[in-house]
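# A structural walkthrough
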Amino acid sequence: MATKNLINGKYSNEIVLSDRAIHYGDGLFETIAIQNKQILCFDTHLNRLEKGCKKLKIPIPNRDIIKNEISTLIETNDQAVIKIIVSRGQGGRGYKIPEDIEPTRIISLHPWPNYSRNYSTLGIKTKVCNFRYAKNPALAGIKHLNRLEQILARSEWTDNTILEGIVMDTNNFVIEGTMSNIFCIIGRTLYTPDLSLCGVEGIVREKIIDMADKVNFSVEIKNMSLEFLLSADEVFMCNSLIGIWPVNSINEKQFSSYQQTTKITNSLIKYNFIPKL
């Protein structure tokens, strides 16, 4: 499948060089799973996009237009990835926000990633990154275009057997993976890090928190030390494309149980919150 792009509703592979997305990373993005031609968790993704637009003072795009443009790109593709980018639009030099804002809207269609099914059943190997996320409550939670922190954290390994890195903040609290959120299980409680100061409030993370009681789990959002994480019964990573990946190792620490993680995964698939890989 070739990548296809709609820029402000028109097929194009070109963006104006004066766009603030290029100069300052001034915008937001969402990455959405398409399965059986369905847009998974569309409204939840758009809720987060709109929350980010409000924080960055970017005019909120029309949901119906975005949904129609996604439908146009999907066509006959049963499984694919949609990426939405909303930038503040064109502007001159300098950080001052232009008075007349005309946001740029980019909707692109991408092939489904070639993830092994074993990642969901046998778990993945992870490492703890040396890089630390800076705390910034003004940007916490949203998916803004500035991803340099994630890039630097991901640059720490080239071993292809390591599928994800676990990143902490400057207080050494666990925050998330480089591309995913993290949960751990102790007994009948799901624990996930507090993201009020940094990190991305993932869509699948939100769905897990909302439906936890349906699988007889309580949820606690907390400042999580690495020692606490390593003491858990089970650990898993999640995002909109991978769904849920159980963790079988963090550095030298091994985990052998995925039983409760599998139950959570099956519930999310049942409610059509994550793709069935």
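Residues numbered from 1 in each chain as written. Predicted model: local features only at pLDDT ≥ 70, side-chain atom pairs only at ≥ 80, totals over all residues. Heavy atoms only, no water.

Scanning all chains against the criterion turns up seven aromatic pairs. Where Phe-131 meets Tyr-133, the ring centres are 6.3 Å apart and the plane angle is 75°; that geometry is what we call edge-to-face. Classification of Phe-131 by relative accessible area gives partly exposed; the value is 21%. By relative accessible area, which is 1% here, Tyr-133 ends up buried. Taking 5.9 Å as the distance between ring centres and 20° as the angle between the ring planes, the aromatic pair formed by Tyr-271 and Phe-273 counts as stacked. Using a relative accessible area of 36% as the deciding quantity, one classes Tyr-271 as partly exposed. Among the aromatic side chains, those forming a connected cluster through ring pairs are Tyr-115, Tyr-119 and Trp-245. When the ring centre of Phe-228 is taken as origin, the NZ or CZ atom of Lys-222, which lies over that ring, is 4.0 Å away. (Phe/Tyr/Trp six-rings, centres within 6.5 Å; stacked < 30°, edge-to-face > 60°. Buried < 20%, exposed > 50% of the residue type's maximum accessible area, 1.4 Å probe, protein only. Lys NZ or Arg CZ within 6 Å of the ring centre and 35° of its normal.)

With that settled, consider the sheet that holds strand E6 (residues 104-110). Strand order across the open sheet formed by six strands is E2-E1-E6-E5-E3-E4, with antiparallel pairing between neighbours. Taken across any chain shown, the strands that pair with only one partner, and hence form the sheet edges, are strand E2 (10-11) and strand E4 (38-39). Both strand E5 (residues 79-87) and E6 contribute to a ladder of seven bridges, which runs antiparallel. Residue pairing for E6: Lys-83 is matched across the bridge by Ser-108. Packed onto the sheet, helix H3 (residues 63-74) meets strand E1 (4-7), E2, strand E3 (27-35), E4, E5 and E6 and runs at close to 30° relative to E6. (Pairing = 2+ DSSP bridges. Helix = DSSP H or I, 4+ residues; strand = E, 2+ residues; numbered from the N terminus. Contact = heavy atoms within 4.5 Å. Axes fitted to C-alpha atoms, helices over the stretch in contact; angles between N-to-C directions.)

A word on the packing of helix H2 (residues 42-56) against H3. Their axes nearest at 12 Å, the elements H2 and H3 cross at an angle of 130°. Between H2 and H3, the crossing angle belongs to the class labelled oblique. Relative to H3, the crossing made by H2 is right-handed. Across the interface between the two elements, Phe-42, Asp-43, Leu-46, Asn-47, Leu-49 and Glu-50 from H2 touch Arg-63, Ile-66, Lys-67 and Ile-70 from H3. Counted by class, the contact of H2 with H3 contains five nonpolar, one polar and four charged residues. (Parallel < 35°, antiparallel > 145°, perpendicular 65-115°, else oblique. Left-handed = near helix turned anticlockwise from the far one by under 90°. Nonpolar A, V, L, I, M, F, W, Y, C, P; charged D, E, K, R; others polar.)

To continue, consider the environment of Val-86. Inspection of the secondary structure assignment puts Val-86 in strand E5. The class of Val-86 is buried, set by a relative accessible area of 1%. Beyond its immediate chain neighbours, meaning those up to four positions away, Val-86 contacts Gly-27, Leu-28, Leu-49, Ile-58, Pro-61, Pro-103 and Thr-104.

Turning our attention to the side chain of Arg-20. By secondary structure assignment, the location of Arg-20 is in helix H1 (residues 20-24). Residue class for Arg-20 comes out buried when judged on its relative accessible area of 4%. Side-chain polar atoms of Arg-20 contact the backbone oxygen of Tyr-95, separated by 3.2 Å. Among all residues touching Arg-20, those that are not within four sequence positions of it are Gly-25, Asp-26, Arg-88, Gly-89, Gln-90, Gly-91, Gly-92, Gly-94, Tyr-95, Lys-96, Ile-97 and Pro-98. (Polar contact = N/O pair within 3.5 Å; in protein donor to acceptor, adjacent residues only side chain to side chain.)

Let us look at the state of the cysteines. Inspection of every chain in the model, using the stated rule, returns zero disulfides. Take Cys-129: it sits in no disulfide, and the sulfur closest to it among the cysteines is that of Cys-198, at 13 Å. Its sulfur unpaired, Cys-184 is 12 Å from the next cysteine sulfur, which belongs to Cys-238. (Disulfide = S-S within 2.5 Å.)

Before going further, it helps to spend a moment on H2. Helix length check: H2, at 15 residues, gives a terminal C-alpha distance of 21 Å against a target of 21 Å (1.5 Å per residue), a fit within 8%. Listed as buried for H2 are Phe-42, Thr-44, His-45, Leu-46, Arg-48, Leu-49, Glu-50, Gly-52, Cys-53 and Leu-56. Looking at the buried positions of H2, the neighbouring elements they touch are E3, E4, H3, E5 and helix H6 (203-211). (Expected span 1.5 Å × (residues − 1).)

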